[in-house]
Amino acid sequence: MADPQQVLSARVRDALVAAYGAAYADADPLIRPSQFADYQSNVALSLAKQLGKAPRDIAAEIVGHLDVGDIAEPPTVSGPGFVNFRLSNAWIAAATTEMLADPRVGTPRTTNPKTVIVEYSSPNIAKEMHVGHLRSTIVGDAIARVTDFMGDHLIRDNHVGDWGTPFGMLIEHLVDVGEDSAEAGLLRTDPNAFYQHARVKFDSDPAYADRARERVVKLQSGNDPATMQLWQDLVDMSKAYLRDTYARLRVTLTDDDIRGESFYNDMLADVAEDLEAEGLARISDGALCVFPQGFTNRDGTPLPVIIRKSDGGYNYSSTDLATVRYRVDKVNVDRAIYVVGSDQALHFRMIFAAAREAGWLPAGKDFEHAQIGMVQGKDGQRLRTRAGDNVKLSDLLTEGVQRARTLLDEAERDDEGLDLDAIAEDVGIGAIKYADLSTSRDSAYIFDWDRMISFKGNTGPYLQYATTRIRSIFRRAGLGEDTPGGPIVITEPAERELGLKLLGFGAIVTQVADTAEPHRLCGYLFEVASLFTAFYEQCPVLKADDEETRQSRLALCAATLRVLTTGLGLLGVPLPERM
Ligand code: ARG
């Protein structure tokens, strides 16, 4: 076991049992990295009340029973009752050497695997994904990868908007232009344009608008085969667009992960009926509504969730209620993570509350809205083009790649024999993804090319470059990265700090899985890369004084590379071998 937090936790637990009895065998020793020591335990403070003793006395008693001589210097007590640990260089060296041989780089598999749905991306089909969907796609994919890595049973779920009234309009437009036309081809490349054209026609051509409405009725009846076929064609063409976009983004979603709103369509009538039968839903202003407890308007009147409109149609909320029920009853999910914009926070709170009241979401099922903050333009508003239009996703990606190319061209380095187009693609896409990932997912941030496409700071290019720099050390040494050298010996402070940080990888990944917050991993990897830079400046690797030191430092380089590539892999950031 190489994770210091776990190793120290076990030792402190033993000390607690020795000092206060078996009742403390499950206590959390509250071990955290600290700026005053390598790690600190705050457990004495948390036990003061229970034990009826002063925290400092408890801390002293714990230290009296602690057996850490083989891994750390003698622990000390500080402040109101903190226990401080400084790990021995020998232990750090042994643990980092061990980590190097571990394919999971020190990350324990979850001991109790759960079925976890990560729902993300979820654009509205036949409309272009916008930057909000882009961020959900990128952040959700990282959450999915980490969940999978932990050993949970992961189900990716792309809850696309593939149903509803706009489809009447879209189907009629498809009929008008013909499925083989260039216009229909837009569905595969620029679905938003297709949608806009249909929209303009709908607003200006009353006959077409009437046809569109009739088509909606046919679609919703579900028993007109020609309409269903047209709808299916439309959806299939849009899926081609999504496939291309996900491939370019190196996102793991496939067609098989799509379970759109239409999938739940034939469950909606039951949702309404059952809620009515349970006495939870009632008619208000002609619409069938539930009023989950604790949600009120400003004037104190209860806030409704409309589940059937006055015209008899179902909606987004009815679909989401059916979805919760399906996931619990049919998928038997333990945890569902909805990676969706923060502007839908109230919607999800009310849906989950209503589902709980209906008995469809039992305690112990962990349904959470992983909120995604808005990506803003420089003016703090929604990101727009200069002309004021929504930013087209493919244009955004292309611009990122072009800017990455400029960044590469301007950097002074040896680029002989490199495929700069391919590298620019990795760097541009990586930079955009990393910018979305490195800000805590629920905060808004201002989209800024200069900040994200840069080798300075907590950016994608900086971390990509850090990996290529380590690879080049091995190349220059004539070694493969999988012949890492070693064993690791720690003598210099820069070696110690780097080694200690590397050992924290497993704890961070576990935290990301628990919180569904990938930015924690970004912050950690940035620290690793920065400590590596300091190490590399202070400790010669290939020109080390003796062979043992050279081997040790090569192994530290290899361990750093493993942590960076595994971490960036979990984030879905592409890594060029050279740049
Ligand atoms: N299609 C929706 C939109 O673009 C997002 C769907 C989110 N997921 C859900 N279960 N409601 O706003």
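Residues numbered from 1 in each chain as written. Predicted model: local features only at pLDDT ≥ 70, side-chain atom pairs only at ≥ 80, totals over all residues.

A.B. asks: Please set out the site of the ligand residue by residue, giving values where relevant.
C.D. replies: Close to the ligand lie Glu 119, Ser 122, Pro 123, Asn 124, His 159, Gly 161, Asp 320, Thr 323, Tyr 338 and Val 340, which account for all nearby residues. Split into classes, the residues belonging to the shell around the ligand amount to three nonpolar, five polar and two charged. (Near = placed C-beta within 6 Å. Nonpolar A, V, L, I, M, F, W, Y, C, P; charged D, E, K, R; others polar.)

A.B. asks: Before we move on, could you go through unusual backbone geometry and cite the residues and values that matter?
C.D. replies: Its identity as a non-glycine residue notwithstanding, Ser 122 has a phi of 45°, on the positive side. Structurally, Ser 122 can be placed in the loop between strand 5 (115-119) and helix 5 (131-149). A positive phi angle, close to 55°, is found at Arg 250, a residue other than glycine. Within the secondary structure, Arg 250 sits in the loop between helix 10 (225-249) and helix 11 (268-277). Take Arg 250: there are 16 C-beta atoms within 10 Å of it, and that puts it in the partly exposed class. (Helix = DSSP H or I, 4+ residues; strand = E, 2+ residues; numbered from the N terminus. Buried ≥ 20, exposed ≤ 12 C-beta atoms within 10 Å, placed from the backbone.)

A.B. asks: Explain the domain arrangement of the protein chain to me, and be specific about the residues and the numbers.
C.D. replies: If you check the domain split of the protein chain, you get domain 1 (4-87), domain 2 (118-160 + 262-375), domain 3 (166-253) and domain 4 (393-571). Between the C-alpha centres of domain 2 and domain 4 there is a distance of 37 Å. At the interface, 22 residues of domain 2 touch 17 residues of domain 4. At the level of elements, helix 5 and strand 11 (366-372) are the ones that each hand at least two residues to the side of domain 2 that touches domain 4. The element contributing the most residues to the side of domain 2 that touches domain 4 is helix 5, with ten residues. Looking at the side of domain 2 that touches domain 4, its residues break down into 14 nonpolar, five polar and three charged. (Domains from an automatic or database assignment. Contact = placed C-beta atoms within 7 Å.)

A.B. asks: Which residues make up helix 20 (residues 519-538), and what are the values?
C.D. replies: Under the 1.5 Å per step criterion, the end-to-end length of helix 20 is 29 Å for 20 residues, consistent within 8% with the ideal 28 Å. Every buried residue belonging to helix 20 is among His 519, Leu 521, Cys 522, Tyr 524, Leu 525, Val 528, Ala 529, Leu 531, Phe 532, Phe 535 and Tyr 536, and all of these are buried. Buried-residue contacts for helix 20 involve helix 15 (420-438), helix 17 (460-476), helix 18 (493-502), helix 19 (505-515) and helix 21 (547-571). (Expected span 1.5 Å × (residues − 1).)

A.B. asks: Kindly report on the UniProt feature "domain: Arginyl tRNA synthetase N-terminal" (unreviewed entry) in the protein chain, identifying the contributing residues and their values.
C.D. replies: Following the UniProt record, one finds the feature "domain: Arginyl tRNA synthetase N-terminal" (unreviewed entry) at residues 6-87. End C-alpha to end C-alpha, residues 6-87 measures 13 Å, and it is 43% helix and 16% strand. (UniProt positions renumbered as here; feature names shortened; annotations may be inferred.)

A.B. asks: Could you give an account of the confidence of the model for the protein chain, with specific residues and numbers?
C.D. replies: Here the protein chain averages 94 in pLDDT, while 100% of its residues score no lower than 70. Two summary scores accompany this predicted model of the complex, namely pTM at 0.95 and ipTM at 0.99. (pLDDT = per-residue confidence, 0-100.)

A.B. asks: Any chance you could break down the packing of helix 17 against helix 20 for me, citing the residues and the numbers?
C.D. replies: The N-to-C vectors of helix 17 and helix 20 enclose an angle of 50°; their axes lie 10 Å apart at closest approach. Relative to helix 20, helix 17 is oriented oblique. Seen along the crossing, helix 17 lies across helix 20 with a hand that is left-handed. In this structure, helix 17 contributes Tyr 462, Leu 463 and Ala 466 to the contact, and helix 20 contributes Leu 525, Phe 526, Ala 529 and Phe 532. (Axes fitted to C-alpha atoms, helices over the stretch in contact; angles between N-to-C directions. Parallel < 35°, antiparallel > 145°, perpendicular 65-115°, else oblique. Left-handed = near helix turned anticlockwise from the far one by under 90°.)

A.B. asks: Any chance you could break down the sheet that holds strand 5 for me, citing the residues and the numbers?
C.D. replies: One open sheet holds the four strands; their spatial order is 6-5-10-11, and the pairing between them is parallel. Looking at which strands have only one partner, the edges of the open sheet turn out to be strand 6 (153-157) and strand 11. Strand after strand, the sheet turns through a mean of 20° between neighbouring axes, direction not considered. Against the sheet, helix 5 engages strand 5, strand 6, strand 10 (335-341) and strand 11, with an angle of about 155° to strand 10. (Pairing = 2+ DSSP bridges.)

A.B. asks: Go over the sheet that holds strand 4 (residues 82-85), please, and point to the residues and values.
C.D. replies: Spatially, four strands are ordered 1-2-4-3 in an open sheet, and the strand pairing comes out antiparallel. Two strands lie at the open edges of the sheet, namely strand 1 (31-33) and strand 3 (76-78), each paired on one side alone. Strand-to-strand twist in this sheet, taken as the mean axis angle between neighbours without regard to direction, amounts to 35°. As paired elements, strand 1 and strand 2 (residues 39-41) share three bridges and run antiparallel to each other. Looking across to strand 2, one finds that Arg 32 is bridged to Gln 40.

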